[in-house]
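An overview of the molecular structure
What follows is the residue order along each chain.
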Amino acid sequence: SSGINAEYGGAILTVCPGGFSSYVQLAESYAPGAGVMLAIKSVVVWPLVYHTLNGFRHLAWDMGKGFKITELYRSGWTTFGASLALSFLQAAFLKTLKTIKYHPS
């Protein structure tokens, strides 16, 4: 439920006036620190990462693999944990990209 709400919230922000980046800048202006922004960005990115990884899980099911109950639980929790880790890493990577200056040749 909260993942769906975050996903709809992210989708709505893409069509709002100013676009998504203006809302990120607004959140950065109010956020008390870099850790808070990293958490916010991780929460925004998480539904996309989770659904992408879960898509691979469904592809395995389409091939007839992973239908035992223990495999279902293991793949579900693995997908959940990996999506949390990857969303945090992606948010951290986006933070480092912001600090890199682009100098055209």
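Reading the values: the criteria
Starting afresh in each chain, residues are numbered from 1 along the sequence in its written order. With pLDDT at 70 or above as the cut-off, local features in this predicted model cover only qualifying residues; side-chain atom pairs require 80 or more to be listed or tallied, and sums for whole chains, interfaces and linings still use all residues. The side-chain figures draw on all heavy atoms in the structure; neither hydrogens nor water molecules are used. Counting from the N terminus, the helices are the DSSP runs of H or I reaching at least four residues and the strands are the DSSP runs of E reaching at least two. It only takes one pair of heavy atoms within 4.5 Å for two residues to be counted as in contact. Exposure above 30% relative accessible area and the absence of a salt bridge qualify a residue for a patch, where like charges join within 9 Å and nonpolar side chains (Val, Leu, Ile, Met, Phe, Trp, Tyr) within 5 Å. For accessible areas, the Shrake-Rupley method is used with a probe of radius 1.4 Å. Any residue's cover is judged against the shown protein chains and nothing else. Between Lys or Arg on one side and Asp or Glu on the other, a salt bridge is scored when a side-chain nitrogen of the former is within 4 Å of a carboxyl oxygen of the latter. Whether two aromatic rings pair depends on their centres lying within 6.5 Å, for rings of Phe, Tyr and Trp, where Trp uses its six-membered ring; planes under 30 degrees apart make the pair stacked, over 60 edge-to-face, and the rest tilted. Relative accessibility under 20% of the residue-type maximum defines a buried residue, over 50% an exposed one, and the middle range a partly exposed one, all with a 1.4 Å probe and only protein chains included. As used throughout, the charge tally considers Lys and Arg to be positive and Asp and Glu to be negative, leaving His and the chain termini uncounted. Whenever a nitrogen or oxygen atom comes within 3.5 Å of another N or O atom, the pair is scored as a polar contact, on the condition that within protein one atom can donate a hydrogen and the other can accept it, and that pairs from neighbouring residues in sequence are kept only if both atoms are in side chains. Given the number of residues in a helix, its expected span is that number minus one, multiplied by 1.5 Å.

Take the overall build of the chain next. Scanning the chain for helices and strands turns up four helices and zero strands. Ordered by position in the sequence, the α and β elements of the chain form the string α-α-α-α. Across the chain, the fraction of contacts at a sequence separation of at least 24, relative to all contacts at a separation of at least 6, is 65%.

On the surface, a cluster of nonpolar side chains totalling about 580 Å² of accessible area is made up of Ile69, Tyr73, Trp77, Phe80 and Leu84. Within the element layout of this structure, Phe80 appears in helix α4 (residues 69-99).

This next bit is on the packing of aromatic side chains. Scanning the model with the defined rule gives four aromatic pairs in all. With a centroid separation of 6.1 Å and 80° between ring planes, the pair formed by Trp46 and Phe80 is classed as edge-to-face. Highlighted residues: Trp46 in helix α3 (residues 34-62) and Phe80 in helix α4, separated in sequence by 34 residues. Taking relative accessible area as the criterion, Trp46 reaches 18% and is therefore assigned buried.

Glancing now at the side chain of Arg57. With respect to the helices, strands and loops of the structure, Arg57 is situated in helix α3. Of the side chains bearing the opposite charge, Glu71 lies closest to the buried Arg57, which forms no salt bridge; the N-O distance is 10 Å. A polar atom in the side chain of Arg57 sits 2.9 Å from the side chain of Ser75. Once residues within four sequence positions are removed from consideration, Arg57 is found in contact with Leu72, Ser75, Gly76 and Thr79.

The next thing to look at is α3. Note on helix geometry: an α-helix contains 3.6 residues per turn, so any two residues three or four positions apart are oriented the same way. Counted at 1.5 Å a residue, the expected span for α3 with its 29 residues is 42 Å, and the 41 Å between its end C-alpha atoms agrees. Inspection of α3 places Met37, Lys41, Ser42, Val45, Trp46, Pro47, Val49, Asn54 and Arg57 among the buried residues, and these make up the whole buried set. A positive backbone phi angle near 80° is found at Gly64, which sits one or two residues after α3.

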